[in-house]
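Secondary and tertiary structure notes
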Amino acid sequence: MPEAEREAQFRQMRNTAREIFVYALAEASISKAFARHVHCERGVLRIGDDLYHVDAYSRVLVISIGKAGHTMVEALAQQVGMSLEGIVATSVEPASQVRGFRYFHGGHPTPNPESIHAANAILKALSAQTASSLIIFMISGGGSSIVERPIDDEISLDDLIATYRALVLSGAPIAEINAIRKHLSAVKGGRLARAAFPARQVSLLVSDVPSDTPDALASGPTMPDSTSVEDCYRIVEKHALLPQFPHSTRELFERRALEETPKSDDQAFYRSRWWTILSNQTAVEQASAAAERAGFAVHVDNSSDDWDYERAAEYLLKRLGELKKRSERVCLISGGEVTVKVTNGGVGGRNQQFALACAAKIAGENITVLSAGTDGVDGNSPAAGAVADGTTMIRAHSRGLNVRSALEKFDAYPFFSALGDTIETGPTGNNLRDLRILLAS
């Protein structure tokens, strides 16, 4: 096959992978999720299978936390069609604000002063509620850092940031990271629910965590905590985190002075309900539908969720090879997140690092790999992720780019940017974890 024709085929496959991802983003939107799960008519608010007679409550307060904080409030207002009031804490700067809401621009992936201000404002608002109040919590990914207040006043904001950084860079799975965050926080691990008691509470969840650990979302501020202080001590030892923590945090662990979070039998949850209205599964299903329409035999394999990116790359490419023996055109879709333990990192993120690892393994093969985050942000880069294929190595070499160097330096963004192979959506106002789309033909 002529080189120009071969390159055109690869370009088409890269474009197809992009189209599948973009379609999944659009169909797994928050507005569409709210249209399916939330409805208000004649003063009766339906959330999931529950009905709330709005006029029966002395006050309805909305607390929206996370990267999708503003988008969720917009969607709720559209479905409810009535004036609402409350607090929005998000890391995404909205083009406009919803009337009746106070906005806080919290930090991500580490807290900032606004994160503390948001937590204080939310706790104050909740403390004023009574048994005749209805609190609508709306929780999305990123909330762990966007709203935060240390459980111990000795932990300064700088110490909190240093603690978060040590956790994020440790290579620990998100569930383990959040277990520790919960026990260091005055708002996580069900403590917002405790602050809202005795009000009626309902939480709408846009989830960026594994489906079997919903209380890991934003570190579970409104849900019973399934982790314990003993888990925290074990996790810190497992990842040798103690020397990396600042003195104030380290001292709590050394004294074994962590306080236990509310569990399922706590009275805070007697009048609480939770509904996951959108998750990574939605994005996977929509990507699958798009790939099928594009003529691929589609298979879903989420088993590499929370694996190290190298191990995940090897596993998924091997799985793709096995599937290719059965079908001419195959699409393997994998939801969830991979982990990257960063040391002296450059510019990039877990998705671009995964794609780069794949590029080194598929040189010359008719394989295309896209990996991107549904929030539109991958690590410390402006990209959501990247796409690699069998020509990536050749094209990189012709531009003087070194795959091994980029991998070792965790500097994938400049590499893919130079090739024009980054996925750049901008912040989406949504957060449903990552999608990996592997195509073979």
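Located above this text is the structure these notes cover.
Residue indices begin from 1 for each chain and proceed along its sequence in written order. For a predicted model such as this one, the threshold for reporting local features is a pLDDT of at least 70, and the threshold for listing and counting side-chain atom pairs is 80 or more; totals across whole chains, interfaces and linings nevertheless cover every residue. To obtain the side-chain values, all non-hydrogen atoms of the structure were used and water was disregarded.

Overview of the nonpolar core
- Membership of the largest hydrophobic core comes to 55 residues, with the highest contact counts inside it found for Phe 34, Leu 45, Ile 136, Met 138 and Leu 204.
- Every residue pair with non-hydrogen atoms within 4.5 Å of one another is taken to be in contact. Apart from the residues within four sequence positions on either side, Leu 204 is in contact with Phe 34, Val 38, Ile 47, Met 72, Ile 136, Phe 137, Met 138, Ile 139, Trp 275 and Ile 277.
- Only buried residues count toward a nonpolar core, which is a set of Ala, Val, Leu, Ile, Met, Phe, Trp, Tyr and Cys residues joined through side-chain atoms within 4.5 Å. Only protein chains enter the accessibility calculation, which uses a 1.4 Å probe; a residue is then buried when its area is under 20% of its type maximum, exposed when over 50%, and partly exposed in between. One finds Tyr 309, Ala 313, Ala 359 and Ala 388 within the second-largest nonpolar core, a separate group that totals 34 residues.

Observations concerning the packing of aromatic side chains
- Only Phe, Tyr and Trp rings take part, Trp by its six-membered ring, and two of them pair if their centres are within 6.5 Å. Stacked means planes under 30 degrees apart, edge-to-face means over 60, and tilted covers everything else. Considering all chains together, one arrives at five aromatic pairs under this definition.
- Ring centres of Tyr 233 and Phe 253 lie 5.8 Å apart, and the angle between their planes is 85°; on these two criteria the pair is classed as edge-to-face. Residue Tyr 233 is found in helix 9 (residues 229–238), and its partner Phe 253 is found in helix 10 (residues 247–254); the two are separated by 20 residues along the sequence. A single burial state applies to Tyr 233 and to Phe 253, both of which are buried.
- An aromatic cluster is defined as three or more aromatic residues linked by ring pairs; in this entry it consists of Tyr 233, Phe 245 and Phe 253.
- Lysine and arginine charges are scored as sitting over a ring when NZ or CZ, respectively, is within 6 Å of the ring centre and within 35 degrees of the ring normal. Over the ring of Tyr 233 we find Arg 256; its NZ or CZ atom is 4.1 Å from the centre of that ring.
- A cation over an aromatic ring shows up here: Arg 311 above the ring of Trp 307, its NZ or CZ 3.6 Å from the ring centre. Helix numbering and strand numbering both begin at the N terminus, where a helix is a DSSP run of H or I of at least 4 residues and a strand a DSSP run of E of at least 2.

A word on the layout of surface pockets
- If you add up the space inside the second largest pocket, you get close to 240 Å³.
- Gly counts as polar in this scheme, as do all residues outside two lists: the nonpolar Ala, Val, Leu, Ile, Met, Phe, Trp, Tyr, Cys and Pro, and the charged Asp, Glu, Lys and Arg. Taken together, the residues of the lining of the second largest pocket break down into six nonpolar, nine polar and two charged. A pocket, in this scheme, is an open set of points on a 1 Å grid over the protein atoms alone with protein on both sides within 12 Å along at least 5 of 7 lines, while a cavity is a set where a 1.4 Å probe fits but cannot get out; residues line either one if an atom lies within 4 Å of a point. Grid points are joined across faces, edges and corners, and a volume is the space filled by probe spheres set on the points.

As for the environment of Gly 81
- Take Gly 81: it is sitting in the loop between helix 3 (69–80) and strand 5 (86–90).
- Distance from Gly 81 to Val 377, taken between C-alpha atoms, is 31 Å for residues 296 residues apart in sequence.

Quick notes on the pattern of salt bridges
- A carboxyl oxygen of Asp or Glu within 4 Å of a side-chain nitrogen of Lys or Arg is what we treat as a salt bridge. Under the definition given, this model contains 29 salt bridges.
- For Glu 7, the salt bridge goes to Arg 14, with nearest N and O atoms at 3.2 Å.
- By relative accessible area, which is 7% here, Arg 14 ends up buried.
- A salt bridge links Arg 350 to Glu 337; the nearest nitrogen and oxygen atoms lie 3.1 Å apart. With a gap of 13 residues between them, Arg 350 in helix 13 (residues 350–359) and Glu 337 in the loop between strand 11 (330–336) and helix 13 connect regions that are remote in the sequence.
- Taking the relative accessible area as the measure of exposure, Glu 337 reaches 10% and is therefore buried.

A few points about the pairing of strand 10 (residues 297–300)
- Any two strands between which DSSP finds at least two bridges are classified as paired. With four bridges joining them, strand 10 and strand 11 adopt parallel strand pairing. Looking across to strand 11, one finds that Val 300 is bridged to Ile 333.
- In this view, the connection linking strand 10 to its parallel neighbour strand 11 by way of helix 12 (residues 309–324) has right-handed handedness. By the criterion used throughout, a crossover qualifies as right-handed when its path from the first strand across the helix to the second strand runs clockwise, the strands pointing away from the viewer.

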